[in-house]
Amino acid sequence: MQQWDCNGTGAQIFHVSPVGGGYVKIVNANSKKALDVTDLRTTDGALIQQWGYGGGANQQFEIFDAGNSQFGIRARHSGKALDVKDFSQSSGARVQQWTWAGTANQRWTLQKAPTGYFAEQIGPIFQSERCSTCHALGSKSMLVGQHHGLIAASDITETATPRGTQMRCGSGCHVSIASSVPGETFDETEWMVPSFDMGIDWTGKSVSDICVTVKTHLPTAAAQEKHFFEDARIAWAVHSGVLPNGTQKPKAPPGNFAAFKVLMEAWIQDGSPCP
Ligand code: HEC
């Protein structure tokens, strides 16, 4: 475990839950692994790592009031406290256990993790089956596999871009998505899918990681609006979902493109905060 500037990602959010006897386990939101004193060591200086929770006393902690709205966190098996090594104030400094001394490097403040708008309203859209129609495809064979025998690998072209690989169908192998939403026109209407190397398979990411990825790729409000409101692929996903074989995918929230625009615009106007 290391300390780092607060960045709102799941790597910095922990679920604290009681395990009995006044102790808690502390599980990371991103990795789902628990804080763990390495090798069950009882000595000063043993490092804190993450490990699958197995109920060990080196994975159970007592959080106690140290005054000033700060807390000490003591490992059950050793009675030693979580401590930032060498009083370091740098990102990357390791967290170890040490005999409780009440010094500033052993005092922690606890903040309730923000959930909020993106996690509740927007994350579920990204993780829906509509978006993963395109976003969870790593290879030509996966793409062919979901086409009900309508296309062959030779119908797909792969284009390398500085960001990763795009896969598109050759001429005529897909219904148009330009008019997926009655009355709307779009700038971007090509039917293509991103490959895994673009790092935008939303099904493999936590909502906080999705949010950070979106903001890395689309850093400004203008870029976000352009992508979310002018891209027929997204409009197809939230509004239509009709496949070339005529079937329709289960609807993603909020159900139609107009409602999606309202949801996204509220988030963008608020400065696109991430959980
Ligand atoms: C028809 C396929 C398709 C569907 C459906 C689709 N996307 Fe995409 N999406 C793409 C492609 C292709 C890219 C990569 C574009 C590129 O090469 O820059 C992309 C990129 C993105 C990006 C990153 C933008 C960037 O410039 O990197 C976001 C955000 C995104 N999609 C969100 C969504 C959401 C949300 C949904 C569901 C509502 C969705 N997409 C549905 C094909 C799709």
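Conventions adopted
Residues numbered from 1 in each chain as written. Predicted model: local features only at pLDDT ≥ 70, side-chain atom pairs only at ≥ 80, totals over all residues. Domains from an automatic or database assignment. Near = placed C-beta within 6 Å. Helix = DSSP H or I, 4+ residues; strand = E, 2+ residues; numbered from the N terminus. Pairing = 2+ DSSP bridges. Axes fitted to C-alpha atoms, helices over the stretch in contact; angles between N-to-C directions. Expected span 1.5 Å × (residues − 1). Buried ≥ 20, exposed ≤ 12 C-beta atoms within 10 Å, placed from the backbone. Arc of directions from axis to C-beta. Contact = placed C-beta atoms within 7 Å.

Asker: Explain the domain arrangement of the chain to me, please; I cannot follow it from the model alone.
Answerer: How big an interface is tends to be reported as the loss of accessible area on association of its parts. The domain architecture assigned to the chain consists of domain 1 (10–106) and domain 2 (116–269). A separation of 40 Å is found between the C-alpha centroids of domain 1 and domain 2.

Asker: What should I look at first to understand the site of the ligand in this one?
Answerer: Residues in contact with the ligand amount to 25 residues; listed here are only the nearest, Cys-131, Cys-134, His-217, Arg-233 and Ala-237. When contributions to the shell around the ligand are tallied by element, the ones reaching two or more residues are helix H1 (116–126), helix H2 (129–135), strand S11 (192–194), helix H4 (207–217) and helix H6 (232–240).

Asker: What should I look at first to understand the sheet that holds strand S10 (residues 164–169) in this one?
Answerer: Either a parallel or an antiparallel arrangement is found when strands of a sheet pair, and the pairing is made through backbone hydrogen bonds. Reading across the sheet, the 3 strands line up as S9-S10-S11 and stay open at both edges, with antiparallel pairing between neighbours. Each of the sheet's edge strands pairs with one partner strand only, and the pair in question is strand S9 (156–161) and S11. Strand-to-strand, the axes of this sheet are offset by a mean angle of 25 degrees, without reference to chain direction. Note that S9 and S10 share 6 bridges and pair antiparallel. Bridge pairing in S10 places Ile-156 opposite Cys-169.

Asker: In this structure, what is going on with helix H7 (residues 257–269)? I would like to understand it.
Answerer: Structurally, the α-helix is built with 3.6 residues per turn, so residues lying three or four positions apart point the same way. Across its 13 residues, H7 extends 18 Å between first and last C-alpha, which sits within 8% of the 18 Å expected from 1.5 Å per residue. For H7, every residue scored as buried is listed here: Phe-257, Phe-260, Met-264 and Trp-267. Each buried residue of H7 sits inside an arc of 90 degrees when the element is viewed along its axis, so together they form one side. For H7, exposure combined with an orientation more than 90 degrees from the buried face picks out Val-262, Ala-266 and Gln-269. Residues of H7 that are buried make contact with H1, helix H5 (221–230) and H6. Trailing H7 by a residue or two, Gly-271 shows a phi angle of about 90 degrees, which is positive.

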